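# Working through the structure, step by step
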Amino acid sequence: YALPAYILSVTAVEAFMSETPLGEFSRFTYKESVLWKLGIHWVDRLGLLQKVIVVPQLLFGWCFERDANPYQDFRLLVAIRNALTNYDMGKRASFAPPLADRGVVLRHKLGDQDFQNPWPMDASCTEGIRWAHNVACGIVTEIVAHMPDASWAEWNLGNFQSIPDGFISSVLMRHGIDPGSRHPPQDTKATAE
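Please read all numbers here as calculations on a predicted model, not as lab measurements.

### Digging into the overall build of the protein
Of regular secondary structure, the protein possesses 10 helices and 2 strands. Taken from the N to the C terminus, the helices and strands of the protein come in the order α-α-α-α-α-α-β-β-α-α-α-α. The buried share of the protein, taken over its 193 residues, is 38%. Sequence-distant contacts in the protein: of pairs separated by 6 or more residues, those separated by 24 or more amount to 64%. A total of about 11600 Å² of accessible surface is found on the protein, and carbon and sulfur atoms cover 56% of it.

### So, the pattern of salt bridges
Summed over the entire model, instances satisfying the criterion amount to 5 salt bridges. A salt bridge links glutamate 127 to arginine 130, with the shortest nitrogen-to-oxygen separation between them at 2.7 Å. Highlighted residues: glutamate 127 and arginine 130, both in helix 8 (residues 126-145), separated by 3 residues, approximately one helical turn. Here glutamate 127 falls in the partly exposed class, since its relative accessible area comes to 22%. The exposure class of arginine 130 is buried, given its relative accessible area of 9%. A salt bridge links arginine 130 to aspartate 165, with the shortest nitrogen-to-oxygen separation between them at 3.1 Å.

### With respect to the packing of aromatic side chains
Scanning the model with the defined rule gives 8 aromatic pairs in all. Judged by centre distance (5.6 Å) and plane angle (45 degrees), the ring pair of tyrosine 30 and phenylalanine 60 falls under tilted. Placement of the pair is tyrosine 30 in the loop between helix 2 (24-29) and helix 3 (34-38) and phenylalanine 60 in helix 4 (residues 48-60), with a sequence separation of 30 residues. Of the aromatic side chains, those joined through ring pairs into one cluster are Phe25, Tyr30, Phe60 and Trp152. Cation over ring: lysine 31 sits above phenylalanine 28, and NZ or CZ is 4.8 Å from the ring centre.

### Observations concerning the nonpolar core
Within the largest apolar cluster, 50 residues are counted, with the highest numbers of intra-cluster contacts made by Tyr6, Val13, Val52, Phe74, Trp119, Trp131 and Ile143. Within the residue set of this core, elements represented by two or more residues are helix 1 (3-19), helix 3, helix 4, helix 5 (71-85), helix 6 (96-101), helix 7 (119-123) and helix 8. If you tally residues by element for this core, the top one is helix 8, at 9 residues. In contact with tryptophan 119, other than residues within four places in its own chain, are Ile80, Ala83, Leu84, Tyr87, Lys91, Ala93, Phe95 and Ala96.

### Things to note about the environment of isoleucine 40
Note that isoleucine 40 resides in the loop between helix 3 and helix 4. Apart from residues no more than four positions distant in its own chain, isoleucine 40 is found in contact with Leu22, Arg27 and Leu35.

### A closer look at unusual backbone geometry
Note that the residue after asparagine 69, namely proline 70, is joined by a cis bond; omega there is 15 degrees. With respect to the element layout, proline 70 can be found in the loop between helix 4 and helix 5.

### Here's the deal with the packing of helix 1 against helix 4
For the pair helix 1 and helix 4, interaxial distance at closest approach is 11 Å and the crossing angle is 40 degrees. Judged on the interaxial angle alone, helix 4 and helix 1 are oblique. Here helix 1 runs over helix 4; the crossing is left-handed. On helix 4, the residues touching Val10, Val13, Glu14 and Met17 of helix 1 are Leu48, Lys51, Val52 and Val55. Classifying every residue of the contact of helix 1 with helix 4 gives 6 nonpolar, no polar and 2 charged.

### So, helix 5
Compared with an ideal rise of 1.5 Å per residue, which puts 15 residues at 21 Å, helix 5 spans 21 Å between its outermost C-alpha atoms and is within 8% of the ideal. What helix 5 keeps buried is the set Tyr71, Asp73, Phe74, Leu77, Val78, Ile80, Arg81, Ala83 and Leu84. On the buried face of helix 5, the contacting elements are helix 1, helix 4, helix 6, helix 7 and helix 8.

### Side note on the side chain of arginine 81
Locating arginine 81 in the fold gives a position in helix 5. On the accessibility criterion, arginine 81 (15% relative accessible area) is buried. At 2.8 Å, the side chain of arginine 81 and the side chain of asparagine 82 are in polar contact. Contacts of arginine 81, omitting those with residues within four sequence positions, involve Tyr6, Ile7, Val10 and Glu14.

Each value, and the rule that gives it
- Residues numbered from 1 in each chain as written.
- Predicted model: local features only at pLDDT ≥ 70, side-chain atom pairs only at ≥ 80, totals over all residues.
- Heavy atoms only, no water.
- Helix = DSSP H or I, 4+ residues; strand = E, 2+ residues; numbered from the N terminus.
- Buried < 20%, exposed > 50% of the residue type's maximum accessible area, 1.4 Å probe, protein only.
- Contact = heavy atoms within 4.5 Å.
- Areas by Shrake-Rupley, 256 points an atom, 1.4 Å probe, with all protein chains shown as cover.
- Salt bridge = Lys/Arg side-chain N within 4 Å of Asp/Glu carboxyl O.
- Phe/Tyr/Trp six-rings, centres within 6.5 Å; stacked < 30°, edge-to-face > 60°.
- Lys NZ or Arg CZ within 6 Å of the ring centre and 35° of its normal.
- Core = buried A, V, L, I, M, F, W, Y, C linked by side-chain atoms within 4.5 Å.
- Axes fitted to C-alpha atoms, helices over the stretch in contact; angles between N-to-C directions.
- Parallel < 35°, antiparallel > 145°, perpendicular 65-115°, else oblique.
- Left-handed = near helix turned anticlockwise from the far one by under 90°.
- Nonpolar A, V, L, I, M, F, W, Y, C, P; charged D, E, K, R; others polar.
- Expected span 1.5 Å × (residues − 1).
- Polar contact = N/O pair within 3.5 Å; in protein donor to acceptor, adjacent residues only side chain to side chain.

Such coordinate-based values are descriptive only and should not be taken to indicate function.
In structure tokens form, the structure reads like this:
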């Protein structure tokens, strides 16, 4: 049930962009911005990745570094959302192995060999949910942090609170689940006895 988290995290950033940087308060706060002089209709045709770069640049002269985080992770998140909404079971996801290396999606061992499920199965995990949520929070937090006058937009940060590293493990342990356990156990001989 984790896959909607990837889609909803991207959707939350889309909603933030429409509501805050492209909203009415922004029009008032940054009324001299070249964005409003160009007209807003062309922005609607941009993809979200382009919007998070172009809109802050035109509004207040700042933009994300494209080759660094949080923008790089956001690109991955958007790629996952796109792959989920246009799913092709036969297509390997290039983003799955790097995310598995980072512990974001599941990795399996079958004997000495790495084993991969179809990537959506491996992405269906609590750490994937946390990562997707935190990536969306990182994008929004950076935009608000670079607004020259963010007092009118800071209320929105309450909707974008990151989930700390140990949070998922502590929730699992409170429910009697060992987050370090393997299911099924590695030693199948001991289980059979």
